[in-house]
Amino acid sequence: MKTASAIGIGCLAVAAAFFSLELLTATAAASPAAGSMRIAKTPLLLWRRQEPLSDQQREALFQAQRRWKQTSYSGRAALMQQEKQCVDRATSKLAFKRCLKQTRQSRSALREQYYAYINPIRQELGLAPLEWVERRSPRR
């Protein structure tokens, strides 16, 4: 059973997320020049998920995503196994960091494979292709 404080924190988190999105869209509408900069820095995948889809597009995307998950399962499982083995073998912080870097590279390559698979399907359906947008701000 949830306590009153846990429920309050959950409600606060939902409200904060809602108002931050409202603030972003209100700022973009109030000042188009500054707003486009803010929107450009957000992940494109977040915005693309809000595209209105027809029933045919929704079904076709579901089937394509389902096929991808089924066909890529063994590769994804192998990546997780390699990550576990690497972390288990790491005896220093440097070795552990190498594991994390290797994992990031592997996941990035897998994501690029997914985009190569799904983007032609999306284009056939008249949808914009998915792109990866770095969420971190550039290092200074």
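Residues numbered from 1 in each chain as written. Predicted model: local features only at pLDDT ≥ 70, side-chain atom pairs only at ≥ 80, totals over all residues. Heavy atoms only, no water.

Draft legend 1. Summary view of the packing of aromatic side chains. In the structure shown here, the tally under the stated rule is three aromatic pairs. A ring pair is formed by Tyr114 and Tyr115, whose centres lie 6.2 Å apart and whose planes are at 55 degrees; its orientation type is tilted. Neither Tyr114 nor Tyr115 differs from the other in exposure class; each is buried. Connected via pairs of aromatic rings, a cluster forms that spans Trp68, Tyr114, Tyr115 and Tyr117. (Phe/Tyr/Trp six-rings, centres within 6.5 Å; stacked < 30°, edge-to-face > 60°. Buried < 20%, exposed > 50% of the residue type's maximum accessible area, 1.4 Å probe, protein only.)

Draft legend 2. Broad picture of the state of the cysteines. Inspection of the entire model under this criterion finds one disulfide. Each sulfur in the disulfide pair Cys86 and Cys99 lies 1.9 Å from the other. Its S-S torsion of about -90 degrees marks the bond between Cys86 and Cys99 as left-handed, since a negative value means left-handed. Of the two residues, Cys86 is situated in helix α4 (residues 55–89) and Cys99 in helix α5 (residues 93–124); the sequence distance between them amounts to 13 residues. For the pair formed by Cys86 and Cys99, the shared burial category is buried. (Disulfide = S-S within 2.5 Å. Helix = DSSP H or I, 4+ residues; strand = E, 2+ residues; numbered from the N terminus.)

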